Amino acid sequence: MIFPESNERRKKLGQAIMFGIARGISYGIVGLLLLILFFIAKQGMGVVNWQYLTSMPTDGMTKGGIYPAIVGTLYLVGGSMLFAFPVGVMAGIYVNEYAKEGALKRFVKTMTNNLAGVPSIIFGLFGMALFVNQMGFGASIIAGSLTLGLLALPIVIRTTEESLKSVDDTFRQASYALGASKLYTIRKVVLPIALPNILTGLILAVGRVSGETAPILFTVAAYFLPKLPSSIMDQCMALPYHLYVISTSGTQIEASRPMAYGTAFVLVAIVLIVNIIAALLRNYFGKKVKMN
Amino acid sequence: MDLRRYTEPFFENLIKVCGYSSGFVVLLIVIFLFREGISFFNFSPVEKGYSLWVHSNNPVKKLEPAQIKDIFDQKITNWKSIGGKDEPIHLLSFDELSQAYSPTQLGPKFEHLPRCLDSFMDSLPGTIGFFPEAQTVGQLKTAREVEVDKIALSKFLTDTEWFPTSRPAARMGVMPLLLGTMLVSFFAILFALPLGLAASIYLAEIADERVRKILKPIIELLAGIPSVVYGFFGLVVIVPFVQDAFNLPVGETALSGSIVLAIMALPTIITVSEDALRTTPRSMKEASLALGASQWQTIRKVIVPYAASGITAAAILGIGRAIGETMAALMVTGNSAIMPHSLLQPVRTIPATIAAELGEAPYDGLHFKALFALGCVLFFITLIINLLVERVSAKR
Amino acid sequence: MSNKIETIDAHLYYGDFHALKGITLGIKENAVTALIGPSGCGKTSYLRLFNRMNDLIPYTQISGQVLLDGQNIYQIKPAEIDSLRRNVGMVFQNPNPFPKSIFENVAYGLRVNGIKDKSLIEAQVEKTLQQAALWDEVKDKLNQSAFELSGGQQQRLCIARALAIEPTILLMDEPASALDPISTGKIEDLIFELKNQFTIVIVTHNMQQAGRVSDYTGFFYLGQLIEYGKTRKIFTNPTKQETENYITGRFG
C-alpha cells in the first residue's frame, strides 16, 4: 500500500498547531486565574492590616475594618460544621460500611448527588422557609449555620465515603478475625486510617462554606451591625455578604471600593490557606497510610 | 463490656438515620419549596385588601392581570378594545375623589366613601376604581367588583412580563427570567466548553507529568474561590471592559454574565472531562499509534470519541452550575427583568431575581410566594440536569 | 529463511528497573515466533521494542540494536516512526476496537495515513475483513458500532484493523487470553492462515497455544532470553533446565 508522503507533513503540522493551541489555552486559563488572584491581592494588600482585621466598619462602611464580618463568618463556619461534620461522617460511614449494594444504596447516593447539585439560592429559600419562619428562629446565626450545614452535608458525605473506600479491606478482615464487632472495627481500625482524608474533606467544606453568600442572604446576614452578636439568635455580618453589599448596594460604592478589595482579598486568602492545608494534609498522611 | 450491648445498636441506628439524611433533606426542600411555591397559585394578583370596581352596567366582568396593567399604564384607553362598550376608560384615583367631594361628604373616617363612589360611577360610567376592600365590599350599589383570575401555572410559565410589584395587579411571568438564565448560561458554556476541553486534553494527554502537577492544583483552586469574589472581579474588571469594548451605556450585560460564569464553569468542565479522557484504555491509544496515527489524530479520533459521554456530562454539569449561580449573576448581569433579545443588554436570571427581591417581598404575600414558585422552577431545572448527568455518565 | 527482525544486545530500563538484559535474537521472515515465559519476564516489553511502543512509557531507556530489515529502528528520524509503525501491525491482549463503526475501525489506519479514495478504502476494508475471516459475519452490519460484536469477533476485527494498512510484521500480545476456547481456535486458525504473508511474533502464556501455532519459540525469564529455537525442539528437548521446568509446568 502506498501512502501519500504529503500526509506525513500534514499530520506533523496539524499536531504541532493543535498541541500549541491546547497548550496556549491551558496556560491562558491558568494565567487568567493567577491574574485574578494577583489583581485582588495587589488591590487588597494595601488595605489589609491588623487594624483592618480587628476594627469595626465606620463612616458608612467606607472606612474602618471588617472585624464583625470575620467574627460572623467564623461563627457561621463553626456552627455549620458542628452540624454537617458529625451527620455527614456518619452518613458516609453508612453508605460505605453498612448499606448493601442495591437500589437503596443507589438511591442514597443519587440523593446525595442531587443535594450537591441544588443551587445555593435554593438552600437560602429553604432555610428561610424552614428555620427562619417555620421553626421561628428568625434571621439568626442558628438559622444561617443550619442552612450552610445542609449545603456542606453532601461534601462531607462524599469525601467520607471516598476516604473509607480507600481503606483496604484487609484491615477490616484482620479486625473481624480477632473477633471485633463491626462498629468497633470501624471506630478503631477504619476511621483512624481514613481520618486524614476525612479531615481534608472537612477543611475543603470549611472553605466552601466560608465563601457562600446566597444561603445566608435571608437567614442570617446583616447589612451593617456595629456590634458583635451576643447569642446564636442574633443576626451577624459575614465576609461574603459584606463584599456583596459594599460593592453593589452601598450609597458610596466608589468610596468603599478599597474596603471591598480588602474583603475580597481576605476571602481569597481563606480559600488559599484552606487548599494549602488540605494539600499538605493529603501529602503528609497520604504517605503514612501507604506505609502501614 | 456490658454497656456496649446497648451503645452499639444505638450508634448503628444513629449511623443509619444519618445515612438517610441527604434523602431526608432533599425531601424537606421539596416539601417546603413547593408548599410555599404552590400556594402562589391561590393568590389573586390584585394587591391584598384591595379590589377593582367598575360600573354595574359595564359588560366587562373579568380582567386579566395584563389588561389591568395596560389600563393603569394607559395603554388601553377604551373599554371597546377589551370587549366592552365604546366608552373611554376613566381611572379613578383617590385624589380625584377627594377633590370632587368635600371631607364632610366623604366623612371623617371615609365612612361615606361608598355613597360618593356610587354617585361618581353614575356620572362617569367608564370609570374603573381601585379601593380598599374594607370600605367597599357589599356597600356599593352602582358599582361591581371586577373578577380577576388567579395566575395559572400556564400563565406563570409563559407570560413574558415580570412586574411583581406593579399595582393594582402584579404580572408574574417566568419567561423573561428563564430566557435570561438560559441565555447567560448557554453562552457561558459556549465560551467555556471549547476552552475547558482543550485544557483537559492538554492535561490528560499532552502535558508531561511535572507540568500537570503544577497546573492541576491551580485549576482546582479556581473552583474554590467564592462566587461573590468572581462577581466582584467581574464588576470591577469584566463589566468596564465590556462597556468600553462595545461602547455601551452600561457594562452590566448578559455578555458580562456569560464571561464571568464561563470562568467559573471552567474548573468543573476541565476536571470532569479530564477524568473522562483518562478512562480511555492505554491499549486503545496504543492501537491507534501502532497504526501510524499521530498523537493528535489519536486524541481527536479515538480518545475524545471514547470519552464523549464523560465530556457531555461535564458540559451538562457546567450548564447546571451556571444556571444555579446566584451571586456572580446578580452582580454583573444588570438585573433587568425584560425579555432578552441581545447579549449586550442587561438581563436577569432566576437565582438573581430570588436573591434581589426576596428581601423586599412582604412575608407571605403574593410576591414572596412568587419567588418560591421561581425557586421551584429552578429546582426542577437543576433536578433534571442532575438526573441527566447521572444518566449520561452511567452509560458506560 | 532470512531474519526479518534482529536484536543485538538489547537492554531496556523502566526507570531503575532493568526489564530486558541484553537480548540477542533473530526473528525469521514469514514464520510465527512465539515468546513465552512467566509474567514479568520481559516478553511483552521485548515485543514492544519492534514498533517503538515502549517510547510511550515515561523514563524508558533503550540500548543495543533493534534491526528491522537491517535498519536500526532506534536511529531513524522521529518523523519516520509513524511509517515504521505502519509497517508493524499490533494486536493487543484485550480486544480494543475504537468507538466507531465496524467499517471505520478497519478504515482507520488508511484514513489517518492520508488515503482518501473511497472505493480504495471500501475495497481494502472488504479484503482485510475477509483475510481476518470476519467478512461473512459482519458484511451486513458494517455501520454498526464495533462494541456490538462478541469478544472473539472484536479481536478478529482488531486483527483486520492491523492488516488493513498492509504491514509486513504482525505483533500479537496474548491475543487470545481474554477469549473463550472457540474464539481462541478461530484466532489460531487465522494465525496459521496469515503466516505465509506476514512475519508474526506472538506473546503467549499458553504453552499449548505456542506449540500449536508457532514455528520458533523463545523462552524469557527475568529479563533474559534463556533459550530460542524451533518450537518442536524447545517443547520436546530443551537444552536448559529452566526451560524444561517452565514447559513442564513446574513454575510460572
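Parameters and conventions
Residues numbered from 1 in each chain as written. Chains lettered and ligands numbered in written order. Predicted model: local features only at pLDDT ≥ 70, side-chain atom pairs only at ≥ 80, totals over all residues. Heavy atoms only, no water. Helix = DSSP H or I, 4+ residues; strand = E, 2+ residues; numbered from the N terminus. Rg over C-alpha atoms; globule rule 2.2 N^0.38 Å. Buried < 20%, exposed > 50% of the residue type's maximum accessible area, 1.4 Å probe, protein only. Contact = heavy atoms within 4.5 Å. Lys, Arg positive; Asp, Glu negative; His and termini not counted. Charge placed at Lys NZ, Arg CZ, Asp CG, Glu CD. Axes fitted to C-alpha atoms, helices over the stretch in contact; angles between N-to-C directions. Parallel < 35°, antiparallel > 145°, perpendicular 65-115°, else oblique. Nonpolar A, V, L, I, M, F, W, Y, C, P; charged D, E, K, R; others polar. Pairing = 2+ DSSP bridges. Phe/Tyr/Trp six-rings, centres within 6.5 Å; stacked < 30°, edge-to-face > 60°. Domains from an automatic or database assignment. Buried area = accessible area lost by both parts, 1.4 Å probe. Salt bridge = Lys/Arg side-chain N within 4 Å of Asp/Glu carboxyl O. Polar contact = N/O pair within 3.5 Å; in protein donor to acceptor, adjacent residues only side chain to side chain.

Asker: Kindly report on the overall build of chain B, identifying the contributing residues and their values.
Answerer: Looking only at helices and strands, chain B features 17 helices and eight strands. In terms of overall size, chain B is more extended than a compact globule, its C-alpha atoms giving a radius of gyration of 29 Å where 396 residues would be expected to give roughly 21 Å. Considered along the principal axes of its C-alpha atoms, chain B spans approximately 95 × 75 × 35 Å. Counting only residues that meet the buried cut, chain B has 57% of its 396 residues in that class. Within chain B, counting contacts between residues at least 6 apart in sequence, those at least 24 apart form 70% of the total. Averaging the locations of the 34 positively and 35 negatively charged side chains of chain B gives two centres separated by 8 Å.

Asker: I'd love a proper account of the packing of helix α1 (residues 5-45) of chain A against helix α8 (residues 175-206) of chain B, names of residues and values included.
Answerer: Here α1 of chain A crosses α8 of chain B at 105°, and the two axes come no closer than 8 Å. Judged by the inter-axis angle, α1 of chain A sits roughly perpendicular to α8 of chain B. Taken together, the residues of α8 of chain B that come into contact with α1 of chain A (itself represented by F19, A22, R23, I25, S26, Y27 and I29 of chain A) are L195, A198, A199, Y202 and I206 of chain B. Across the contact of α1 of chain A with α8 of chain B, the residue classes break down as 10 nonpolar, one polar and one charged.

Asker: Before we move on, could you go through the sheet that holds strand β10 (residues 224-230) of chain C and cite the residues and values that matter?
Answerer: Residue and element names in this part refer to chain C. Ordered by their spatial adjacency, six strands build an open sheet running β6-β7-β8-β3-β9-β10, and the pairing between neighbours is mixed. Each edge of the sheet is formed by a strand with only one pairing partner; in this case those strands are β6 (88-91) and β10. Across the sheet, the mean angle from the axis of one strand to that of its neighbour is 15°, orientation sign disregarded. Helix α6 (residues 151-163) rests against β6 and β7 (169-173) of the sheet, and its axis sits at about 170° to β6.

Asker: An account of the packing of aromatic side chains is needed here, citing residue identities and associated values.
Answerer: To describe a pair of aromatic rings, one takes the distance between the centres and the angle between the planes. Applying the stated criterion to the full structure yields 24 aromatic pairs over all chains. Measuring from centroid to centroid gives 6.3 Å for F126 of chain A and F131 of chain A, while their planes differ by 70°, and the two rings are edge-to-face. You'll find F126 of chain A and F131 of chain A in the same group, each marked buried. Between Y261 of chain A and F232 of chain B, the aromatic rings sit 5.1 Å apart at their centres with planes inclined by 70°, giving edge-to-face as the arrangement. Here Y261 of chain A is found in helix α10 (residues 257-291), whereas its partner F232 of chain B is found in helix α10 (residues 227-246) on a different chain.

Asker: So what about the domain arrangement of chain B? Which residues, and what values?
Answerer: All names here are of chain B. Domain assignment breaks chain B into domain 1 (4-42), domain 2 (50-149) and domain 3 (175-393). In this structure, domain 1 and domain 3 have C-alpha centres spaced 31 Å apart. Counting residues at the interface gives eight residues for domain 1 and 11 residues for domain 3. Each partner contributes to the roughly 880 Å² buried at the junction of domain 1 and domain 3, and carbon and sulfur atoms together form 84% of this total. Per-residue buried area on domain 1 facing domain 3 is highest for L33, E36 and F40; these three make up 59% of the total on that side. Seen at the junction of domain 1 and domain 3, the total is one salt bridge. Ionic pairing is found between K369 and E36, a salt bridge with its closest N-O pair at 2.9 Å.

Asker: I'd love a proper account of the pairing of strand β2 (residues 17-28) of chain C, names of residues and values included.
Answerer: Residue and element names in this part refer to chain C. Across nine bridges, the pairing between strand β1 (residues 3-14) and β2 is antiparallel. Directly across from E6, in β2, lies its bridge partner G26. Connecting β1 to the next strand, β2, in antiparallel fashion are two residues, including G15 with a positive phi near 60°.

Asker: Outline the interface of chain B and chain C, supporting the account with residue identities and numerical values.
Answerer: In this complex, chain B contributes 18 residues to the contact, which on the side of chain C involves 25 residues. Counting across the interface, chain B meets chain C through one salt bridge. Taking the shortest distance from any N to any O, the salt bridge between R48 of chain C and E286 of chain B comes out at 2.7 Å. For the pair chain B and chain C, the number of links is six residue pairs in polar contact (both at pLDDT 80 or more).

Asker: Break down the interface of chain A and chain B for me, citing the residues and quoting the values.
Answerer: The interface of chain A with chain B comprises 73 residues on the first partner and 75 residues on the second. Buried surface at the junction of chain A and chain B, summed over both partners, amounts to about 6600 Å²; 80% is from carbon and sulfur atoms. Remark: the boundary between chain A and chain B carries zero salt bridges. Scanning the region where chain A abuts chain B turns up 13 residue pairs in polar contact (both at pLDDT 80 or more). Going through the elements one at a time, α1, α3 (67-98), α4 (103-117), α5 (120-134), α6 (141-165), α8 (182-211), α9 (239-248) and α10 of chain A are the ones with two or more residues in the side of chain A that touches chain B. The element contributing the most residues to the side of chain A that touches chain B is α1 of chain A, with 19 residues. Looking at the side of chain A that touches chain B residue by residue, the class counts come to 52 nonpolar, 17 polar and four charged.

Asker: Describe the pattern of salt bridges, with residues and values.
Answerer: Tallying each qualifying case throughout the model produces 33 salt bridges over all chains. Among the ionic pairs, D159 of chain B bridges to R171 of chain B, the shortest N-O distance being 2.7 Å. Taken as a pair, D159 of chain B in the loop between α7 (153-158) and β7 (162-163) and R171 of chain B in strand β8 (residues 171-172) lie far apart in primary sequence, 12 residues in all. Taken as a pair, D159 of chain B and R171 of chain B share a single burial class, namely buried. Of the charged contacts, one joins K4 of chain C and D69 of chain C as a salt bridge, the two residues approaching to 3.2 Å between their closest N and O atoms. Taken together, the residues span a long stretch of sequence, with K4 of chain C in strand β1 and D69 of chain C in the loop between β4 (60-68) and β5 (71-72) at a distance of 65 residues. On the basis of relative accessibility, which here comes to 6%, the residue K4 of chain C falls in the buried class. Assessed through its relative accessible area of 48%, D69 of chain C is described here as partly exposed.

Asker: Describe the sheet that holds β5 of chain C, listing the residues and the values that go with them.
Answerer: Reading across from one edge, β2-β1-β4-β5 (chain C) is the order of the four strands in this open sheet, with antiparallel pairing throughout. The open sheet is flanked by β2 and β5 of chain C, the only strands paired with a single partner.

Asker: Tell me about the environment of A290 of chain B, and name the residues and values.
Answerer: Structurally, the position occupied by A290 of chain B is in helix α12 (residues 282-290). For A290 of chain B, the contacting residues outside a window of four places in its chain are N51, M53, R85, R86, V88 and M90 of chain C.

Asker: For the side chain of S26 of chain A, give the residues involved together with the corresponding values.
Answerer: Residues and elements named next belong to chain A. Looking at where S26 falls in the secondary structure, it is placed in helix α1. Judged by its relative accessible area of 2%, S26 is buried. Within the structure, the side chain of S26 is placed 2.8 Å from the backbone oxygen of A22, a separation counted as a polar contact.

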